[in-house]
Amino acid sequence: MARAVSTRRKLIVTLLAWTIGIAIFFPILWTVLTSFKTEAEAIASPPSLFFFDWTTENYAAVQSRSNYGLHFSNSVIISLGSTLLGLLIAIPAAWSMAFVPGKWTKDILMWMLSTKMLPPVGVLIPIYLMFRDTGLLDSRLGLVIVLTLINLPIIVWMLYTYFKEIPVDILEAARMDGAALWSEIIYVLTPMAVPGIASTLLLNVILAWNEAFWTLNLTAAKAAPLTAFIASYSSPEGLFYAKLSAASTMAIAPILILGWFSQKQLVRGLTFGAVK
Amino acid sequence: MITTSTPAATQRPIRLFRNKAAKIAAIPMILTAVVVFMGGTIWTIVFSFTKSKLLPKANFIGLDQYDRLWSSSKWGIAIENLLIYGICSLIFSLVIGFVLAALLDQKIRFENTFRSIMLYPFALSFIVTGLVWQWILNPDFGIQKVVRSMGWESFSFDPLNNQEIVIYGILIAGLWQGTGLIMCLMLAGLRGIDEDIWKAARVDGIPAWKTYIFIVIPMMRAVFVTTLVIIASGIVKLYDLVVAQTSGGPGIASEVPAKYVYDAMFLSQNLGQGFAGSTMMLLAVLIVLIPWAYMEFGGRQRD
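What counts as what
- Residues numbered from 1 in each chain as written.
- Chains lettered and ligands numbered in written order.
- Predicted model: local features only at pLDDT ≥ 70, side-chain atom pairs only at ≥ 80, totals over all residues.
- Heavy atoms only, no water.
- Domains from an automatic or database assignment.
- Contact = heavy atoms within 4.5 Å.
- Buried area = accessible area lost by both parts, 1.4 Å probe.
- Salt bridge = Lys/Arg side-chain N within 4 Å of Asp/Glu carboxyl O.
- Polar contact = N/O pair within 3.5 Å; in protein donor to acceptor, adjacent residues only side chain to side chain.
- Nonpolar A, V, L, I, M, F, W, Y, C, P; charged D, E, K, R; others polar.
- Core = buried A, V, L, I, M, F, W, Y, C linked by side-chain atoms within 4.5 Å.
- Buried < 20%, exposed > 50% of the residue type's maximum accessible area, 1.4 Å probe, protein only.
- Phe/Tyr/Trp six-rings, centres within 6.5 Å; stacked < 30°, edge-to-face > 60°.
- Helix = DSSP H or I, 4+ residues; strand = E, 2+ residues; numbered from the N terminus.
- Expected span 1.5 Å × (residues − 1).
- 1 Å grid on protein atoms, 1.4 Å probe; cavity = no way out; pocket = protein on both sides within 12 Å on 5 of 7 lines; lining within 4 Å.
- Points joined across faces, edges and corners; volume = space filled by probe spheres on them.
- Axes fitted to C-alpha atoms, helices over the stretch in contact; angles between N-to-C directions.
- Parallel < 35°, antiparallel > 145°, perpendicular 65-115°, else oblique.
- Left-handed = near helix turned anticlockwise from the far one by under 90°.
- Patch = residues over 30% accessible without salt bridge, like charges linked within 9 Å, V, L, I, M, F, W, Y side chains within 5 Å.
- Areas by Shrake-Rupley, 256 points an atom, 1.4 Å probe, with all protein chains shown as cover.
- pLDDT = per-residue confidence, 0-100.

Now for the domain arrangement of chain B. Residue and element names in this part refer to chain B. According to the domain assignment, chain B contains domain 1 (21-50 + 58-62) and domain 2 (64-302). Residue-level contacts link 10 residues of domain 1 with nine residues of domain 2. The three residues of domain 1 that bury the most area against domain 2 are Thr44, Ser48 and Ile61, which together make up 52% of that side's buried surface. Counting the contacts that link domain 1 with domain 2 gives zero salt bridges. Linking domain 1 to domain 2 there are three residue pairs in polar contact (both at pLDDT 80 or more). Of the residues in the side of domain 1 that touches domain 2, the class split is five nonpolar, five polar and no charged.

Quick look at the nonpolar core now. Most often, soluble globular proteins have nonpolar side chains that are buried together. Core analysis: the largest hydrophobic core is formed by 124 residues, its most contacted members being A:Trp214 and B:Met220. Setting aside its immediate chain neighbours within four residues, A:Trp214 contacts A:Pro120, A:Val123, A:Leu124, A:Ile127, A:Leu143, A:Val146, A:Leu147 and A:Ile150. Counting residues in each nonpolar core, the second largest holds 32 residues, with A:Ile89, A:Ala90, A:Leu109 and A:Met112 among its members.

Turning to the packing of aromatic side chains, a few remarks are in order. Residues and elements named next belong to chain B. Scanning the entire structure with this criterion turns up 26 aromatic pairs over all chains. Measuring from centroid to centroid gives 6.2 Å for Phe47 and Phe275, while their planes differ by 55°, and the two rings are tilted. Remark: Phe275 occurs in helix α13 (residues 271-297) and Phe47 occurs in helix α1 (residues 2-47); sequence separation between them is 228 residues. Like Phe47, the residue Phe275 is buried in the burial classification.

This brings us to helix α10 (residues 221-236) of chain B. One full turn of an α-helix is made of 3.6 residues, so residues set three or four places apart face in the same direction. In a regular helix each residue adds 1.5 Å, so 16 residues correspond to 22 Å; α10(B) covers 23 Å between its end C-alpha atoms and thus fits that length. Among the residues of α10(B), B:Val223, B:Phe224, B:Val225, B:Thr227, B:Val229, B:Ile230, B:Ile231, B:Ser233, B:Ile235 and B:Val236 are the ones counted as buried.

Residue and element names in this part refer to chain B. Put simply, the second largest pocket is a space of about 690 Å³. The set of elements that each furnish at least two residues to the lining of the second largest pocket consists of α3 (73-104), α10 and α13. Take the lining of the second largest pocket: its biggest share by element is nine residues, from α13. Tallied by class, the residues present in the lining of the second largest pocket amount to 23 nonpolar, two polar and no charged.

What follows is about empty space enclosed by the protein. Overall, the coordinates contain four cavities of 30 Å³ or more when judged by the stated rule. Counted as a void, the largest cavity has a volume near 70 Å³. In terms of lining, the largest cavity is formed by A:Trp209, A:Asn210, A:Leu226, A:Thr227, A:Ile230, A:Ala251, A:Ile252, A:Ile255, B:Ala123, B:Leu124, B:Ser125 and B:Val128. When residues of the lining of the largest cavity are traced back to their parent elements, those giving at least two are α10 (194-210), α12 (226-234) and α13 (241-261) of chain A. Class assignment of the residues belonging to the lining of the largest cavity gives a composition of nine nonpolar, three polar and no charged.

Next up on the list: the packing of α13(A) against helix α5 (residues 126-136) of chain B. Interaxial distance between α13(A) and α5(B) falls to 11 Å at its minimum, and their mutual angle equals 150°. With respect to α5(B), the axis of α13(A) lies roughly antiparallel. The crossing of α13(A) and α5(B) is left-handed. Contact residues: A:Tyr241, A:Leu244, A:Ser245, A:Ser248 and A:Ile252 in α13(A); B:Val128, B:Leu131, B:Gln134 and B:Trp135 in α5(B). Taken together, the residues of the contact of α13(A) with α5(B) break down into six nonpolar, three polar and no charged.

A cluster of nonpolar side chains, A:Trp111, B:Ile24, B:Ile27, B:Leu31, B:Val34, B:Val35, B:Met38, B:Ile42, B:Val46 and B:Phe60, forms an exposed patch at the surface whose accessible area comes to about 900 Å². Take the nonpolar patch: its biggest share by element is eight residues, from α1(B). B:Phe60 gets classed as exposed once you look at its relative accessible area, which sits at 54%.

Residues and elements named next belong to chain B. Mapped onto the fold, Ile127 is located in helix α5. With a relative accessible area of 1%, Ile127 lands in the buried category. For Ile127 and Val243, which are 116 residues apart along the polypeptide, the C-alpha to C-alpha distance reads 7.7 Å.

With that settled, consider the interface of chain B and chain A. Counting residues at the interface gives 90 residues for chain B, matched by 89 residues for chain A. Buried surface at the junction of chain B and chain A, summed over both partners, amounts to about 8,500 Å²; 78% is from carbon and sulfur atoms. Put simply, chain B and chain A have zero salt bridges between them. Where chain B touches chain A, the interface holds three residue pairs in polar contact (both at pLDDT 80 or more). Per element, the largest residue contribution to the side of chain B that touches chain A is 20 residues, and it comes from α1(B).

Residues and elements named next belong to chain B. Under the definition given, this model contains five salt bridges over all chains. A salt bridge links Lys74 to Asp263, with the nearest nitrogen and oxygen atoms 3.3 Å apart. Here Lys74, found in helix α3, pairs with Asp263, found in helix α12 (residues 257-267); they are 189 residues apart in sequence, far enough to count as distant. Accessibility expressed as a relative area gives 23% for Lys74, which makes it partly exposed. With a relative accessible area of 8%, Asp263 lands in the buried category.

Here chain A is partitioned into domain 1 (7-57) and domain 2 (67-232). Here domain 1 of chain A and domain 2 of chain A have C-alpha centroids that lie 36 Å from each other.

Residue and element names in this part refer to chain B. Model confidence for chain B is summarised by a mean pLDDT of 80, while 90% of its residues fall at 70 or above. Within chain B, α1 has the poorest average pLDDT of any element, 66, and α3 the best, 91. Per-residue pLDDT stays below 50 along residues 1-12; that stretch engages in zero contacts with residues further than four places along the chain or on separate chains. Interface confidence in the predicted complex, given as ipTM, is 0.79; pTM for the same model is 0.81.

The next thing to look at is α10(A). All names here are of chain A. Between its terminal C-alpha atoms α10 stretches 24 Å, which fits the 24 Å expected from 17 residues at 1.5 Å a residue. Counted residue by residue, α10 has 12 buried out of 17 residues, so it is predominantly covered. Taken as a whole, α10 has its buried residues at Gly196, Ile197, Ser199, Thr200, Leu202, Leu203, Asn204, Val205, Ile206, Ala208, Trp209 and Asn210.

See the structure below:
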């Protein structure tokens, strides 16, 4: 990319981009800052940005009102569980579509992706009733199953695009050396696709972590993840903004930290492998 | 024939076996998709013609549920809101996302950090997004208050309490959450454009904006298709953002179809209405989807 751009213009563009970036980031920063304020300071006018008495009382209050640990572990189990289960189903499927394409492969892919565009309410009631009858309501297992199903199209699609980039020759060479089909997938394909699988994993953990429609509708208390935890703060205590901020911060912190340490995979994952 | 038969004979069993294995490998995925999406959807459509209340019962009453649905003002508002949100979010996401990507394509400093910041909102759930923006748009402490305290006393910006424009308040939050991802996808598309095309355009003296519109954008077709799928799936699942930001209020001014279905099912225990609402949404998506899919993939046989 050696496009000639003058230094002055570059400076202006950089400044402009950063102004936008800060504006975009501001709501997150503000939420985190407010969580350390007292309720009075949170709604003080004019609001102070950094110069206030930092306090952690909101976190203590949130923790005593609801069990953060339980919701956190629910979130971890549900998002990791559904992603791993999804990968287990998707890797063979993506392998078959990428390396042994049949007449219908393209159609299946498109049809599968298009289910992502169908409104989830369309299947909410049958799933709810099935879950009620099988006792899966408000259980982690139930949510793992549902989120696997919901995110499966994306997982398959992403893996398919990554697998497509792997030269078939290498797999064929392994086959010539007498590798069986399953060892071909496990020992040759999977290690080569690790970056792609990592991005897929990361993206789907985040998607599952943030999924609210299903988690709000299918859980009550026991299996409620962080999204349900934070939603419980929205209505009855709508005016306690410092506590609300503390709860929000606790809900988003794991993702923000995870995102910071895995920026590269995250960007790759979020852009479906388009950015490397 | 004779000369090629030897390698073919050894190859064929392997080929056959591999094809079979490939089919078997794809079965779990296809099964789950078929059972859940198709099964669930058809079940919903069938029961939308029944008088189900608390439990799904197969006493068919024809189109009564649809009559009631369309005579409900709440449903009307929900549909109108979804239309406004859908059209605006489609246009603004694409335009803002593309402009930002073009801006970022100038090789600015700290590009990676900037890109991560732009993606952060997407990593937050709609629930958190809704709550944060409920607060920012709150007239007593949010934008309105800050601008007023800077001296512009008559400034008024209170979308969440105004029935007329509440859906735009939700739209702002939705755009904040989603545009960063669109930008990244567009940027990836722009980076995929061969540098020589830019050089050629410059040699020919074509201004930059013309190059973007007439050369670059048509070349980014695949990226636009991906972004369209993502934006569309965001529109049809609009629910959590509304619940967190306004709970459908003030009054019923920011109701959306997904929330209508949810309310019918869990609050007023009127399953039939919920089924009818879901079916209408499915129908609406299909009406949009089928012509598009036809245009996009129908002519594929030619190449």
